[in-house]
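What the coordinates show
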Amino acid sequence: MSVASPCINVCRMDAASGLCVGCYRSLNEIAGWSAAAEAERLRILEAVAARRAAAAERKPVEAP
């Protein structure tokens, strides 16, 4: 079974973080995804999950 890419087709790099605002991967992670071994892809997905969680914590919650 192949590990699916976290790409959500919102491909825009954030200058401050160096990460894609859609999938939270770096340019190196994006460029190397297709050639990466399954273990490396899983490591990237773990990093993406941590980055996404950290970003959610930084965003202020808007009142309804």
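Described below are features of the structure shown in this document.

**Structural notes on the overall build of the protein chain**
Check the secondary structure of the protein chain and you find two helices and zero strands. When its C-alpha atoms are laid out on the principal axes, the protein chain stretches across 45 × 25 × 15 Å. The buried share of the protein chain, taken over its 64 residues, is 27%. Pairs at least 24 residues apart make up 39% of the contacts formed inside the protein chain by residues separated by at least 6 positions. Counting every atom, the protein chain has about 4700 Å² of accessible surface; 60% of that belongs to carbon and sulfur. Treating the 8 positive side-chain charges of the protein chain as one cloud and the 7 negative ones as another, the clouds have centres 4 Å apart.

**Some points on unusual backbone geometry**
Even without being glycine, N9 reaches a positive phi, approximately 60°. Relative to the assigned elements, N9 resides in the segment before α1 (27-32). At Y24, a position not held by glycine, the phi torsion is positive, near 65°. A residue is classified by how much of its surface remains accessible, and Y24, at 15% relative accessible area, is buried.

**A few points about a nonpolar patch on the surface**
On the surface, a cluster of nonpolar side chains totalling about 240 Å² of accessible area is made up of M13, L27 and I30. Looking at where I30 falls in the secondary structure, it is placed in helix α1. Overall, the relative accessible area of 31% leaves I30 in the partly exposed class.

**Digging into the pattern of salt bridges**
Proximity of charged atoms lets side chains of opposite charge pair with each other. Applying the stated criterion across every chain yields a total of three salt bridges. Ionic pairing is found between E29 and R43, a salt bridge with its closest N-O pair at 3.9 Å. Separated by 14 residues along the polypeptide, E29 in helix α1 and R43 in helix α2 (residues 38-58) bring together distant segments of the chain. Its relative accessible area of 9% is what places E29 among the buried residues. Of the charged contacts, one joins E29 and R51 as a salt bridge, the two residues approaching to 2.7 Å between their closest N and O atoms. Of this pair, E29 sits in helix α1 while R51 is found in helix α2, placing the two residues 22 residues apart along the sequence. By relative accessible area, which is 24% here, R51 ends up partly exposed. By sharing partners, the salt bridges in this structure join E29, E40, R43 and R51 into a single network.

Thresholds applied
Residues numbered from 1 in each chain as written. Predicted model: local features only at pLDDT ≥ 70, side-chain atom pairs only at ≥ 80, totals over all residues. Heavy atoms only, no water. Helix = DSSP H or I, 4+ residues; strand = E, 2+ residues; numbered from the N terminus. Buried < 20%, exposed > 50% of the residue type's maximum accessible area, 1.4 Å probe, protein only. Contact = heavy atoms within 4.5 Å. Areas by Shrake-Rupley, 256 points an atom, 1.4 Å probe, with all protein chains shown as cover. Lys, Arg positive; Asp, Glu negative; His and termini not counted. Charge placed at Lys NZ, Arg CZ, Asp CG, Glu CD. Patch = residues over 30% accessible without salt bridge, like charges linked within 9 Å, V, L, I, M, F, W, Y side chains within 5 Å. Salt bridge = Lys/Arg side-chain N within 4 Å of Asp/Glu carboxyl O.

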